[in-house]
Amino acid sequence: MTTAKSAARAAQESPVFRTIARIGYVVLGVLHIVIGAIAITVAMGGSGKADQGGAMETIRDTPAGVLLLWAIAIGLVALAAWQIAEAFLEREADSKKKWGHRIKYIGTALVYIAIAITAIVYALGGSSDSSQSTQTFSAQLMSTPGGLILLVLVGLIVLGIGIAFIVRGFTRAFEKHLDLPAGVARKGIVTFGIVGYVAKGIAVGVTGVLFVVAALTHDAEAAGGLDAALHTLAELPFGAVILWVVAAGLIIYGLFCLARARYARM
C-alpha cells in the first residue's frame, strides 16, 4: 500500500499529468454539451441518440473527429487515474467516511474508463448502443435466480446516484472541490453547477427508474440508458418542455465542467 500511495502521490505532483487530467474535465464538458444538443433535437421532434454513443458519433463526423475521439479517451483515462490516486491518498480520519470516499472515487474512475472505451470504439470505426446493451444486461440478469431483485437493486442504486447529483447541486457541495474566483465569475460558475447537477441528476434518476420498471414488469425492453431516459421524459405530459429544460441543464453542466477544468483543486 505504501508503494501504491507513493506512486499516486508522484503522479499527482506531476504538472504534465495534472494538465492532462484537467483536459478530462474539458472532455466531459464537451460530451455533455453535445448530448444536451442532441436532446434538444429530440425535444423538437427530431431523431438522434442522446447519450455518450450519440455524442461520440457526432464528434466522429466532424473534421479531425477521430483525433478528437483519441484525445477524449486519453483525457478520460488520465482523469480516471487521478480519481484512483485520490482513493489511495484519501485523508479522511473517520474510517467509514474514508472508505465511502474511496468507493466514490473508484466508481467515478470506472465510469470515466467506460466512456473512454466508448470513445476508442468509435475512433476505430465501431459503434455501440447503450440502450441495447442495457436491455441485454437486464434480460440476462432477470434470467438468473434472484435476478429480478438484483435488477431492482441496480435501479435503486442508479436512482440513488441521480438523487445524489440533485442533492449535490442544491447544497452546492461541489464548491468544496473548487478554487473559485471572486465576484460575478464565482456566482456564474456556482449557478451553472447547481442547474447542471440537478439536470444530470434527473436524467440519471430516470435511468434508475427504468431498471426498476423493467424488473417489476418482467420486460427487459423497458430498461435503457441515458437516451432511453431522455426519450421517456419526452413522452410525459408537457414532455417536450421538460426535455428542453433537462437538455439545457445538461449543456449548462457541460459548461460547468469546462470551468471545473480551470478551477478544480488538483
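See the structure shown above.
These numbers were taken from a predicted model, which means no experiment stands behind them.

**Student:** So what's going on with the nonpolar core? Residues and values would help.
**Tutor:** Ranked by size, the top nonpolar core spans 57 residues in total, and within it Leu 31, Met 56, Ile 72, Leu 76 and Leu 230 carry the most contacts. Among the secondary structure elements, those contributing two or more residues to this core are α2 (15-43), α3 (52-60), α4 (65-88), α5 (95-123), α8 (184-217), α9 (226-234) and α10 (239-263). Broken down by element, the residue count for this core peaks at 13 residues, all from α2. Not counting chain neighbours up to four residues away, the residues in contact with Leu 76 comprise Gly 24, Val 27, Leu 28, Leu 31, Tyr 112, Ile 115 and Ala 116.

**Student:** Would you mind going over the packing of aromatic side chains in detail, with residue names and values included?
**Tutor:** Evaluation of the coordinates by the stated rule reveals 6 aromatic pairs. Both rings, one in Phe 174 and one in Tyr 197, keep their centres 5.3 Å apart while their planes meet at 5°; by these two values the pair is stacked. With Phe 174 in the loop between α7 (147-171) and α8 and Tyr 197 in helix α8, this pair connects stretches of sequence that are 23 residues apart. Summarising the burial analysis for this pair, Phe 174 and Tyr 197 share the class buried. On the numbers, 5.3 Å between centres and 85° between planes, the contact of Tyr 197 with Tyr 253 is edge-to-face.

**Student:** Report on the side chain of Thr 207, specifying residues and quantitative values.
**Tutor:** Take Thr 207: it is sitting in helix α8. At 3.0 Å, the side chain of Thr 207 forms a polar contact with the backbone oxygen of Ala 203. If we skip the residues at most four places from it in the chain, Thr 207 touches Val 158, Gly 224, Gly 225, Leu 226 and Ala 229.

Analysis parameters
- Each chain has its residues counted from 1, following the order in which its sequence is written.
- With the structure being a predicted model, the display of local features is reserved for residues of pLDDT at least 70 and the display and counting of side-chain atom pairs for 80 or more, all residues being used for whole-chain, interface and lining totals.
- Heavy atoms from the whole structure form the basis of all side-chain values; hydrogens and water molecules are not counted.
- Put simply, a nonpolar core is a bunch of buried Ala, Val, Leu, Ile, Met, Phe, Trp, Tyr and Cys residues held in one set by side-chain atoms that sit within 4.5 Å of each other.
- For every residue, the accessible area (1.4 Å probe, protein chains only) is compared with the maximum for its type, and the residue is labelled buried under 20%, exposed over 50%, or partly exposed between those bounds.
- Helix and strand definitions here come from DSSP, where helices need a minimum of 4 consecutive H or I residues and strands a minimum of 2 consecutive E residues; each element is numbered from the N-terminal end.
- In what follows, a contact means two residues having at least one pair of non-hydrogen atoms within 4.5 Å.
- The criterion for an aromatic pair is that two Phe, Tyr or Trp rings (for Trp, the six-membered ring) have centres within 6.5 Å, with stacked assigned to planes under 30 degrees apart, edge-to-face to planes over 60 apart and tilted to the rest.
- Between N or O atoms, a polar contact is any pair within 3.5 Å; within protein, one atom must be a potential hydrogen donor and the other a potential acceptor, and residues adjacent in sequence are included only when both atoms are from side chains.

Function-wise, these values are silent; they only describe arrangement.
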